[in-house]
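What the coordinates show
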Amino acid sequence: MQDEPTYLKLSQQILETYSELPPHQPLPSEHILGAAFGVNRQTIRAALDELERRWLIRRVKGSGTFRTQRYEYRIGTDIAPSFTQTVRAAGGDPRTHNSKPVTRPATAQEREILSLPANAQVTVLDRVRFIDGAPVSTATSALPSARVPRLAATLQDDSSLDQVLRRHYGYIPVRQWSQSRLSSPPAEVAEALGLRGRPPQILLRGLVSCAETGEKLEYVESYLRPDVFDVVTEVGKW
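Residues numbered from 1 in each chain as written. Predicted model: local features only at pLDDT ≥ 70, side-chain atom pairs only at ≥ 80, totals over all residues. Heavy atoms only, no water.

1. Notes on unusual backbone geometry
The backbone of W55 sits at a positive phi, close to 60°, despite the residue not being glycine. On the secondary structure map, W55 appears in the loop between α3 (41-53) and β1 (57-60). Residue classification places W55 among the partly exposed residues on the basis of a relative accessible area of 31%. Although it is not a glycine, S115 sits at a positive phi angle of roughly 55°. Looking at the element boundaries, S115 is found in the loop between α5 (108-114) and β6 (121-131). (Helix = DSSP H or I, 4+ residues; strand = E, 2+ residues; numbered from the N terminus. Buried < 20%, exposed > 50% of the residue type's maximum accessible area, 1.4 Å probe, protein only.)

Following this line, the structure appears as structure tokens:
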């Protein structure tokens, strides 16, 4: 059996040494880490690369290297389809920035998913979500305009769409279906999330409907940073 490579042993040592470091406080520089562990900078860099691949650290250009704090993002038929509620339940402090909703003709895919007629309009809402001030997720929702009239006048910059659907329109939003996969994000999403390049992110697609009427309310595509979220899908009971 071959000995474990030095950089793998070192990655575990770094992880254990700085396990109590607050997520907002950067790790020491590569030069300081090399001196502390008695290895060259190339080995330190390989160890940090390994930790980044495992989503245990995050490098931020111009700011440094930070230990990640991951939150369980639970998805289930009996869990509200609300980013805000899901993150709060996991112990995070979320904030959402909503762009101004735009109304346009529905695409063929949107008409199929939302069961809309050929001339239907959808209201499209883009959002960036934050935890502790850092961008962690984006979302684009398409809602049948006829079911959310005057959404642009109702939604505030930081409103929860789930709460607006409940309180203003009287719906009870539930997930009808959900799909998750790793996918390289578009350039504009990578920029919004502050990514280096376009590494795979967690792509969530889903359909939200009303529990009482069965009306299809929202088709949504979200990107979540995998160094921040551990997506847990629950199906059935045990």
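Next comes the rest of the write-up.
2. Let's talk about the pattern of salt bridges
Here the structure, examined in full by the defined rule, presents 16 salt bridges. The partner of R147 in a salt bridge is E215, with the nearest N and O atoms 4.0 Å apart. One end of the pair, R147, is in the loop between β7 (134-144) and α6 (151-154); the other, E215, is in the loop between β9 (201-210) and β10 (216-224), with 68 residues separating them in the sequence. D162 is the partner of R166 in a salt bridge, and the nearest nitrogen-oxygen pair spans 2.8 Å. Note that R166 and D162 are positioned in helix α7 (residues 161-167) at a spacing of 4 residues, about one turn of the helix. Owing to a relative accessible area of 27%, R166 belongs among the partly exposed residues under this scheme. Overall, the relative accessible area of 5% leaves D162 in the buried class. Bridged by salt links that share partners, the residues D49, E52, R59 and R196 form one connected network. (Salt bridge = Lys/Arg side-chain N within 4 Å of Asp/Glu carboxyl O.)

3. A word on the packing of helix α1 (residues 6-17) against α3
Interaxial distance between α1 and α3 falls to 8 Å at its minimum, and their mutual angle equals 70°. Between α1 and α3, the crossing angle belongs to the class labelled roughly perpendicular. For the pair α1 and α3, the sense of crossing is right-handed. Each of T6, Y7, L8, L10, S11, I14 and L15 in α1 lies in contact with α3, whose residues at this interface are T43, I44, A46, A47, L48, E50, L51 and R53. Here the residues of the contact of α1 with α3 sort into 10 nonpolar, 3 polar and 2 charged. (Axes fitted to C-alpha atoms, helices over the stretch in contact; angles between N-to-C directions. Parallel < 35°, antiparallel > 145°, perpendicular 65-115°, else oblique. Left-handed = near helix turned anticlockwise from the far one by under 90°. Contact = heavy atoms within 4.5 Å. Nonpolar A, V, L, I, M, F, W, Y, C, P; charged D, E, K, R; others polar.)

4. Details of the packing of helix α2 (residues 30-37) against α3
Orientation of α2 relative to α3, taken along the N-to-C sense of each, is 105°, at an axis distance of 9 Å. With respect to each other, α2 and α3 are oriented roughly perpendicular. Judged by residue contacts, E30, L33 and G34 of α2 engage R41, I44, R45 and L48 from α3. Of the residues in the contact of α2 with α3, the class split is 3 nonpolar, 1 polar and 3 charged.

5. Let's talk about the side chain of S141
In this fold, S141 is placed in strand β7. Since its relative accessible area comes to 0%, S141 is described here as buried. Aside from chain neighbours lying at most four places away, what touches S141 is T123, V124, L125, R127, L161, E218, Y219 and V220.

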